[in-house]
Amino acid sequence: FPSHDTWGQTSAKNQIVVAEKKIEVEYDWEHVWLGSHKVIRLRQAYRVKAGFDLEKPFWIEMGPGTGQATACLPFPEILAVSPEGAPVYADDDGWWNKVTDQDRASALGRLAEEARHKASQSGILREAEEMTGSRLTDLARAKDIRLKLDYRQP
């Protein structure tokens, strides 16, 4: 028998998380059919992580003068948007328009989409860029190097 042991395997991610933030996301859904309203209300906390994908090109060049360097980095990106705990969930059936499992699954999917959208609008990418620039500048200054940062589109 060939061995197909997948237990204990580790996959490496070439990412550096620079900033983390917790966000609260709400999503409400309503459907009306022949005057009968059904409603789903969801609220969920998410942990957002932003940083750099090290599979994308980046480099540091020394020069052009003595004590000068340029760091070329990709722009930071959202690396993860992970739910924390269980969502707060409420639904109300209409008289003949009942909430279905498909409605619930669809609403949970839309909540996750809203979380990704809210994460990108949360300012975390700017924070990650500022934190990285500040840290690299401090490290360079400690070595008497004037560092210029240059961010590149992925």
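Scope of this entry: the structure provided in the associated data block. Remember, predicted model here, so these are calculated numbers, not experimental data.

Pairing is mixed in the open sheet, where three strands are placed in the order 3-4-6. Sheet topology places strand 3 (59-62) and strand 6 (146-152) at the edges, where each strand pairs with a single neighbour. Pairs of neighbouring strands in the sheet enclose a mean axial angle of 20°, with direction left out of account. Pairing of strand 4 (residues 68-74) with strand 6, which is carried by seven bridges, proceeds in the parallel orientation. What sits directly across from Ala-71, in strand 6, is Leu-149. Sitting on the sheet, helix 2 (residues 124-142) is in contact with strand 4 and strand 6, with an inclination near 150° to strand 6.

Following the sequence through the fold, Lys-38 ends up in strand 2 (residues 36-53). Overall, Lys-38 belongs to the buried group, its relative accessible area being 7%. For the pair Lys-38 and Ile-23, spaced 15 residues apart in the sequence, the C-alpha separation amounts to 27 Å. Contact partners of Lys-38, with chain neighbours within four places excluded, come to Trp-29, Glu-30, His-31, Asp-92, Asp-93, Gly-94, Asn-97, Lys-98, Val-99 and Asp-103. Separated by 3.1 Å, the side chain of Lys-38 and the backbone oxygen of Lys-98 make a polar contact.

Within the largest apolar cluster, 16 residues are counted, with the highest numbers of intra-cluster contacts made by Ile-23, Val-25, Leu-42, Tyr-46 and Leu-111. At the level of elements, strand 1 (15-33), strand 2, helix 1 (101-120) and helix 2 are the ones that each hand at least two residues to this core. Looking at which element gives the most residues to this core, the answer is strand 2, with five residues. The contacts of Leu-111, once residues within four sequence positions are left out, are Val-25, Glu-26, Tyr-27, Leu-42, Gln-44 and Tyr-46.

Here we take up the pattern of salt bridges. Applying the stated criterion across every chain yields a total of twelve salt bridges. Look at the salt bridges and you will find they share partners, linking Glu-20, Arg-47 and Glu-84 into a network.

With that settled, consider the packing of aromatic side chains. Evaluation of the coordinates by the stated rule reveals one aromatic pair. Taking 5.6 Å as the distance between ring centres and 15° as the angle between the ring planes, the aromatic pair formed by Phe-75 and Tyr-151 counts as stacked. In this pair, Phe-75 sits in the loop between strand 4 and strand 5 (77-92) while Tyr-151 sits in strand 6, placing the two residues 76 residues apart along the sequence. Classification of Phe-75 as partly exposed rests on a relative accessible area of 28%. Judged by its relative accessible area of 15%, Tyr-151 falls in the buried class.

The rules behind each value
- Residues numbered from 1 in each chain as written.
- Predicted model: local features only at pLDDT ≥ 70, side-chain atom pairs only at ≥ 80, totals over all residues.
- Heavy atoms only, no water.
- Pairing = 2+ DSSP bridges.
- Helix = DSSP H or I, 4+ residues; strand = E, 2+ residues; numbered from the N terminus.
- Axes fitted to C-alpha atoms, helices over the stretch in contact; angles between N-to-C directions.
- Contact = heavy atoms within 4.5 Å.
- Buried < 20%, exposed > 50% of the residue type's maximum accessible area, 1.4 Å probe, protein only.
- Polar contact = N/O pair within 3.5 Å; in protein donor to acceptor, adjacent residues only side chain to side chain.
- Core = buried A, V, L, I, M, F, W, Y, C linked by side-chain atoms within 4.5 Å.
- Salt bridge = Lys/Arg side-chain N within 4 Å of Asp/Glu carboxyl O.
- Phe/Tyr/Trp six-rings, centres within 6.5 Å; stacked < 30°, edge-to-face > 60°.

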